[in-house]
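Analysis of the macromolecular model
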Amino acid sequence: MAQHVLVVEDEPAIAESVAYALRRDGFTTTLACTCAEAEASVRQCDLIVLDLMLPDGSGFDLIGRLRHRAVLTPIIVLSSRDSEADRVAALETGADDYVTKPFSPREVVARVRAVLRRMSTATQDPPIAANSVLKVEEATRRATVSGRSLELTRVEFDLLARLLESPGRVYTRAQLIDNVWGDGFAISDRTVDSHVKSLRRKVGEAGGDPALIETVRGVGYRVTDRPPDDA
Ligand code: CA
């Protein structure tokens, strides 16, 4: 069955060109011009392509409301802004990826394919990765520290899942970017650092030791494999 993409964009020319490229690539599409229209159509779609500046509100707020309602449909943000802060904010609010305007519709289609592929890999292959304290379940997207739930964004979850595949192994930032965002994605090391920082904060808030996620200076990150009391 064709996968369905909701395109939320108030500029008709952009909305049409993205929808056209998606349909040509085998997707079905619905267009929405406002946050309200998007919220009404969100249940039926497999993925959302979302402009950040909409007539009745900001895309950031829409992402927040959807994630708050536990709508986990993947979201790709169309950002007209050039600031890394906005892109990081979009990812931290719960977006899965972003494309910066101006973009080619084919680039959007490639991102849509990559995100959907990532999602299906995550659900078809449900390993549980863990060290002695931290645990992630790919199938349910649940993460815990000493049995206590962590409320992670998708990026934070994927980062933790990669690190936990081999406790003790050091992952470079470039490896984490390839694994979490996708091969060749132009994302800066600072973006990785800010997601790790937020992940550590959440581990701490849940009563875990933020130092479980170690910085290996000049190299990257790893999760420690030591037992909890071996401090
Ligand atoms: Ca707009």
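Residues numbered from 1 in each chain as written. Predicted model: local features only at pLDDT ≥ 70, side-chain atom pairs only at ≥ 80, totals over all residues. Heavy atoms only, no water.

Quick look at the sheet that holds strand β7 (residues 97-100)
To keep it simple, the criterion reads: Strand pairing is defined by DSSP finding a minimum of two bridges between the two strands. For helices the rule is a DSSP run of H or I covering at least 4 residues; for strands it is a run of E covering at least 2, with both sets numbered from the N terminus onward. Geometry is summarised by axes, namely lines fitted to C-alpha atoms with helices restricted to the contacting stretch, and by angles between N-to-C directions that run from 0 to 180 degrees.
Read across the sheet, five strands follow the order β2-β1-β3-β6-β7 without closing on themselves; strand pairing throughout is parallel. Two strands bound the open sheet, and with one partner strand each, they are β2 (28-32) and β7. Ignoring strand direction, the axes of neighbouring strands in this sheet form an average angle of 20°. Strand direction decides the pairing type here: strand β6 (residues 75-79) and β7, joined by four bridges, are parallel.

Some points on the layout of surface pockets
The line we're drawing: The way it works is a 1 Å grid over only the protein atoms, where trapped points that fit a 1.4 Å probe form a cavity and open points with protein on both sides within 12 Å along at least five of seven lines form a pocket, and then any residue with an atom within 4 Å of a point lines it. Grid points are joined across faces, edges and corners, and a volume is the space filled by probe spheres set on the points. When residues are sorted by character, Ala, Val, Leu, Ile, Met, Phe, Trp, Tyr, Cys and Pro go into the nonpolar class, Asp, Glu, Lys and Arg into the charged class, and all the rest, Gly among them, into the polar class. For the domain bounds, the source is a domain assignment made automatically or taken from a database.
In this structure, the largest pocket spans a volume of roughly 600 Å³. In terms of lining, the largest pocket is formed by 24 residues, of which the most central are Leu72, Arg141, Leu152, Thr153 and Arg154. Elements that contribute at least two residues to the lining of the largest pocket include exactly α4 (84-93), α5 (105-124), β10 (142-145), β11 (148-150) and α6 (154-165). Ranked by residue count, the leading element in the lining of the largest pocket is α5, at four residues. The residue inventory of the lining of the largest pocket, partitioned by class, reads nine nonpolar, seven polar and eight charged. A domain-level breakdown of the lining of the largest pocket finds at least three residues from each of domain 1 (4-123) and domain 2 (125-230).

Some remarks on the domain arrangement of the protein
Worth spelling out the cut-off: Any two residues whose heavy atoms approach within 4.5 Å are treated as being in contact. Salt-bridge detection follows one rule: a side-chain nitrogen of Lys or Arg within 4 Å of a carboxyl oxygen of Asp or Glu. Here a polar contact is taken to be a pair of N or O atoms separated by no more than 3.5 Å, where protein atoms must pair a possible hydrogen donor with a possible acceptor and residues adjacent in sequence count only if both atoms sit in side chains.
Under the domain assignment, the protein is made up of domain 1 (4-123) and domain 2 (125-230). Contacts between the two partners involve 18 residues from domain 1 and, on the opposite side, 19 residues from domain 2. Ionic pairing is found between Arg154 and Asp96, a salt bridge with its closest N-O pair at 2.0 Å. There are four residue pairs in polar contact (both at pLDDT 80 or more) connecting domain 1 and domain 2. Residue assignment for the side of domain 1 that touches domain 2 shows that the elements contributing at least two residues are α4, β7 and α5. With six residues, the top contributor of residues to the side of domain 1 that touches domain 2 is α5. For the side of domain 1 that touches domain 2, the class distribution of residues is eight nonpolar, three polar and seven charged.

A look at the coordination of the calcium ion
The condition is simple: The donor set covers N, O and S atoms within 2.8 Å of the metal, switching to 3.2 Å for Na, K and Ca, and it leaves out water, so a site may look short of donors. For the exposure calls, accessible area comes from a 1.4 Å probe over protein chains only, and a residue counts as buried if that area is under 20% of its type's maximum, exposed if over 50%, partly exposed in between.
Looking at the calcium ion, one finds its protein donor set to be Asp10 (OD), Asp51 (OD) and Met53 (O), positioned 2.1 to 2.3 Å from the metal centre. Read in sequence order, the donor residues for the calcium ion give the motif D-x40-D-x1-M. Of this pair, Asp10 sits in the loop between β1 (4-8) and α1 (12-24) while Asp51 sits in strand β3 (residues 47-51), placing them 41 residues apart in sequence. Exposure remark for Asp10: the relative accessible area of 29% places this residue in the partly exposed category. Residue Asp51 is classed as buried on the basis of its relative accessible area, which comes to 3%.

Section: the nonpolar core
Threshold: Buried Ala, Val, Leu, Ile, Met, Phe, Trp, Tyr and Cys residues that are joined via side-chain atoms within 4.5 Å together make up what is termed a nonpolar core.
Ranked by size, the top nonpolar core spans 52 residues in total, and within it Ile48, Leu134, Leu150 and Leu160 carry the most contacts. Considering each element in turn, this core owes the most residues, seven residues, to α6. Two domains share this core, each providing at least three of its residues, namely domain 1 (4-123) and domain 2 (125-230). Setting aside residues no more than four positions away along its own chain, Leu160 makes contact with Leu134, Val136, Ala143, Leu150, Leu152, Leu199 and Val223. With 18 residues, the next largest nonpolar core counts Val5, Ala21, Val49 and Val109 among its residues.

What to know about the pairing of β3
Each regular strand shows side chains that alternate between the opposite faces of the sheet. For β3, the tally of buried residues reaches five of five residues, placing the bulk of the element in the interior. Of the two faces of β3, the one carrying Leu47, Val49 and Asp51 and the one carrying Ile48 and Leu50 are both buried. The sheet contact formed by β1 and β3 spans four bridges and is parallel. Paired with Val8 across the two strands is Leu50, which belongs to β3. Relative to β6, β3 is paired through four bridges, and the arrangement is parallel. Looking at the pairing, Val49 lines up with Ile76 of β6.

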